[in-house]
Amino acid sequence: MARPVFGRVSGQGSARARGAVTHLDRDRPLVEAARRDPERFDALYRRYLAQVYSYAYYELGDHHEAEDATERTFLAALSNLDRFEERARPADGDAASTFRVWLFRIARNVVANQRRQKRRRPTLPLEAAAVVPDPLDVERGAALRDEAAEAWRAVGRLPADRRRAVVLRFVEEMSTAEIAGILGRSEGAVRVLIHRALRSVGRDLGRDPRGESH
Amino acid sequence: MTLPGRDDAEADALLTDRYLESLLAADDRRAADAPADASLDRSVRDAATRLRRNLVRVHPSFRFEERLAGRLSDVARSMRLAPAAGGGATVAIRPVDRNMPPADFDPLADPDDNDDTTARSRPLLIGGALTSAALSIAGAAFVAWRRTRPARSPMARAVRAAHAERLRSGVRTSLRERAD
C-alpha cells in the first residue's frame, strides 16, 4: 500500500506559520501532473480502475453495465479534474486520498443514474464470486463457491446504504472517514450502518444451514 | 442530550469498527483472524470474517482496460489541444458518445440512489390514487353546484339562455322530423 504524503508547510496563515504537519492527499503529485498534462491522467486511471470497476460491479451486478459505469466515471473525472479540490484532514487517516473519495462520489453518482435508467434491482451472479480455489480440489472449490454465493446473497439483501457501506469497507478497504465522504454521512453514522449490516448478515447466514454461525 | 439506546448503538458500532480495522490489518500480515474485544457480538464477528473472506475485488478484463485507456488518451489529447487552438479559451469537451458526461454534469451532485423502492412506492401509489379520487369528486361537485346557480353577469345569463333555447329548438326539430 502506498504511504501517505506528509509535508511541512511553511508560509502564510496561522497553522502554516507554526509549521504544522499537514496531511496531504497521497494522489496529489499524480493529480497535479494530470492537471498540467491531461495525458498523465493515465496513472490515476491505472491506480483506481479495478476499485471503481469492482464497486460498479457490486452495485450493478453485471459486467457490461459495470464497464459502462466505469467508463463514464473516468471520463467525467478527467473532464472535471479542474473542479477537484483537495480537502484532506489529518483525521482522514493514513491511507486517505481525497481524490479517491472524489472519484468514488462520481462513481456513486454515475451508478445511481444507471440504476435509475435500468430500474432494476441488483443481481449478484453466482459465477462472479471470484474465489480461486485449488483446481485439483474440486470439492473444496465447490464449497468455497457456495460460501461466497451465500455471502453475496446476504449482502445483496441489505438496504442500499448498508450494502454500499459494506462493499466500500470490505472490498475497497476504505476507512470510515473515506466512506463518510463518499456517502455524505458522518463517520458515526457510517460505523452504525456497517455494524447493523453485519448484524443482519450474521442473522441471515446463521439461518442458513450451511452458514458458520448457528 | 442523547438517548441511552443510541449511545449503546454507537458504542457497539465503534467496537465493531475497531475489530474491522484489526481484521483488515491482519490480512496484510496473512493472519486468518484478529483479536477482538470480548464484548463484541459473536455473530457480528463471524459475519465480518466471512465477508472479509468472500467479498473480493472483481477485476475488469484486460481488453476493457486497454480500450478505456485509449479512449481516455484521446480525450486527454483533445483537452490538451483545445487551449492551444483557442488561445486561452475555456476547455469544453464535446460529447462524442453516450458515455461522455453532458456539459452540465455535476460530478458531486448528491444522487438519489436509495433503491429500496418497495418501502416508498406503496404510499406513493396510494397517495396518488387518493388525490386523483378527491380531485374527481371535487370536480363533479363543482359542476353540479355551478349548474344550479344562476350566472351573475348579464352576458353569462344571455349566453346560457341562448344555449338553452338552442337545445330546446333542436329537440323540437328532431321531434318534428321523427313525426314526419
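Residues numbered from 1 in each chain as written. Chains lettered and ligands numbered in written order. Predicted model: local features only at pLDDT ≥ 70, side-chain atom pairs only at ≥ 80, totals over all residues.

A word on the overall build of chain A
Part 1: A tally of regular secondary structure across chain A gives 9 helices and 2 strands.
Part 2: Reading chain A from its N end, one meets helices and strands in the order β-α-β-α-α-α-α-α-α-α-α.
Part 3: Taking all 214 residues of chain A together, 47% fall into the buried category.
Part 4: Put simply, of all contacts in chain A between residues at least 6 apart along the chain, 58% involve residues at least 24 apart. (Helix = DSSP H or I, 4+ residues; strand = E, 2+ residues; numbered from the N terminus. Buried ≥ 20, exposed ≤ 12 C-beta atoms within 10 Å, placed from the backbone. Contact = placed C-beta atoms within 7 Å.)

Things to note about the overall build of chain B
Part 1: Within chain B, the secondary structure is distributed over 5 helices and 0 strands.
Part 2: Its helices and strands taken in sequence order, chain B reads α-α-α-α-α from the N to the C terminus.
Part 3: For chain B, the residues scored as buried account for 14% of the 180 residues in total.
Part 4: Residue pairs at least 24 apart in sequence account for 29% of intrachain contacts in chain B once pairs closer than 6 positions are excluded.

Structural notes on the interface of chain B and chain A
Part 1: The interface of chain B with chain A comprises 51 residues on the first partner and 62 residues on the second.
Part 2: Secondary structure elements with two or more residues in the side of chain B that touches chain A: helix 1 (4-28), helix 2 (42-54) and helix 3 (62-86) of chain B.
Part 3: When residues of the side of chain B that touches chain A are assigned to their parent elements, the largest contribution, 11 residues, is made by helix 3 of chain B.
Part 4: Looking at the side of chain B that touches chain A residue by residue, the class counts come to 28 nonpolar, 7 polar and 16 charged. (Nonpolar A, V, L, I, M, F, W, Y, C, P; charged D, E, K, R; others polar.)

Observations concerning the nonpolar core
A general tendency of soluble globular proteins is for nonpolar side chains to be buried together.
Part 1: Of all hydrophobic cores here, the largest spans 72 residues; its most connected members are A:Ala56, A:Leu103, A:Ala107, A:Ala165 and A:Val166.
Part 2: In terms of residue count, the dominant contributor to this core is helix 3 (residues 41-60) of chain A (11 residues).
Part 3: Beyond its immediate chain neighbours, meaning those up to four positions away, A:Val166 contacts A:Val155, A:Leu158, A:Ile194, A:Ala197 and B:Leu51. (Core = buried A, V, L, I, M, F, W, Y, C linked by C-beta atoms within 7 Å.)

Remarks on the environment of A:Tyr45
Part 1: Among the secondary structure elements, A:Tyr45 is positioned in helix 3.
Part 2: Since 23 C-beta atoms lie within 10 Å of it, A:Tyr45 is described here as buried.
Part 3: Discounting residues that sit within four places of it in the chain, A:Tyr45 has contacts with A:Phe74, B:Ala69 and B:Leu72.

Focus on helix 7 (residues 160-171) of chain A
Residue and element names in this part refer to chain A.
Part 1: With 12 residues, helix 7 extends 16 Å from end C-alpha to end C-alpha; this agrees with the ideal 16 Å at 1.5 Å per step.
Part 2: Among the residues making up helix 7, those that are buried are Arg162, Arg163, Arg164, Ala165, Val166, Val167, Leu168, Arg169, Phe170 and Val171.
Part 3: Immediately downstream of helix 7, the backbone of Glu173 shows phi near 55°, a positive value. (Expected span 1.5 Å × (residues − 1).)

Here we look at unusual backbone geometry
Residues and elements named next belong to chain A.
Part 1: Even without a glycine there, the phi angle at Glu173 is positive, about 55°.
Part 2: Checked against the element boundaries, Glu173 lands in the loop between helix 7 and helix 8 (176-183).
Part 3: Its 17 C-beta neighbours within 10 Å are what place Glu173 among the partly exposed residues.

So, helix 5 (residues 98-118) of chain A
Part 1: In a regular helix each residue adds 1.5 Å, so 21 residues correspond to 30 Å; helix 5 of chain A covers 30 Å between its end C-alpha atoms and thus fits that length.
Part 2: In terms of burial, helix 5 of chain A is largely enclosed, as 16 of its 21 residues are buried.

Quick look at the environment of A:Pro38
Part 1: Among the structural elements, A:Pro38 can be located in the loop between helix 2 (28-36) and helix 3.
Part 2: When the 25 C-beta atoms within 10 Å are taken as the criterion, A:Pro38 is described as buried.
Part 3: Sequence separation of A:Pro38 and A:Leu81 is 43 residues, and the distance between their C-alpha atoms is 9.0 Å.
Part 4: Apart from residues no more than four positions distant in its own chain, A:Pro38 is found in contact with A:Leu78, B:Ala76, B:Met79 and B:Arg80.

Looking at the packing of helix 4 (residues 63-79) of chain A against helix 5 of chain A
Residues and elements named next belong to chain A.
Part 1: Two elements in contact, helix 4 and helix 5, have axes whose closest approach is 9 Å; the angle formed by their N-to-C orientations is 130°. Between helix 4 and helix 5, the interaxial angle falls into the category oblique. Relative to helix 5, the crossing made by helix 4 is right-handed. For the pair helix 4 and helix 5, contact is made by Glu65, Asp68, Ala69, Arg72, Thr73, Ala76 and Ala77 and by Leu103, Ile106, Ala107, Val110, Val111 and Gln114, respectively. (Axes fitted to C-alpha atoms, helices over the stretch in contact; angles between N-to-C directions. Parallel < 35°, antiparallel > 145°, perpendicular 65-115°, else oblique. Left-handed = near helix turned anticlockwise from the far one by under 90°.)

Notes on the packing of helix 5 of chain A against helix 8 of chain A
All names here are of chain A.
Part 1: Put simply, helix 5 and helix 8 touch, their axes get as near as 8 Å, and they point 40° apart. As the angle between them shows, helix 5 and helix 8 are arranged oblique. In the packing of helix 5 onto helix 8, the handedness of the crossing is right-handed. Here helix 5 contributes Arg100, Val101, Phe104, Arg105 and Arg108 to the contact with helix 8, which in turn contributes Glu178, Gly181 and Ile182.

Side note on the confidence of the model for chain A
Residues and elements named next belong to chain A.
Part 1: For chain A, mean pLDDT is 78; residues scoring 70 or higher make up 69% of the total.
Part 2: By mean pLDDT, strand 1 (residues 5-8) is the weakest element of chain A at 34, and helix 3 is the strongest at 95.
Part 3: In this model, residues 209-214 is a region of pLDDT below 50 whose contacts with residues beyond four sequence positions or in other chains number 14 contacts. (pLDDT = per-residue confidence, 0-100.)

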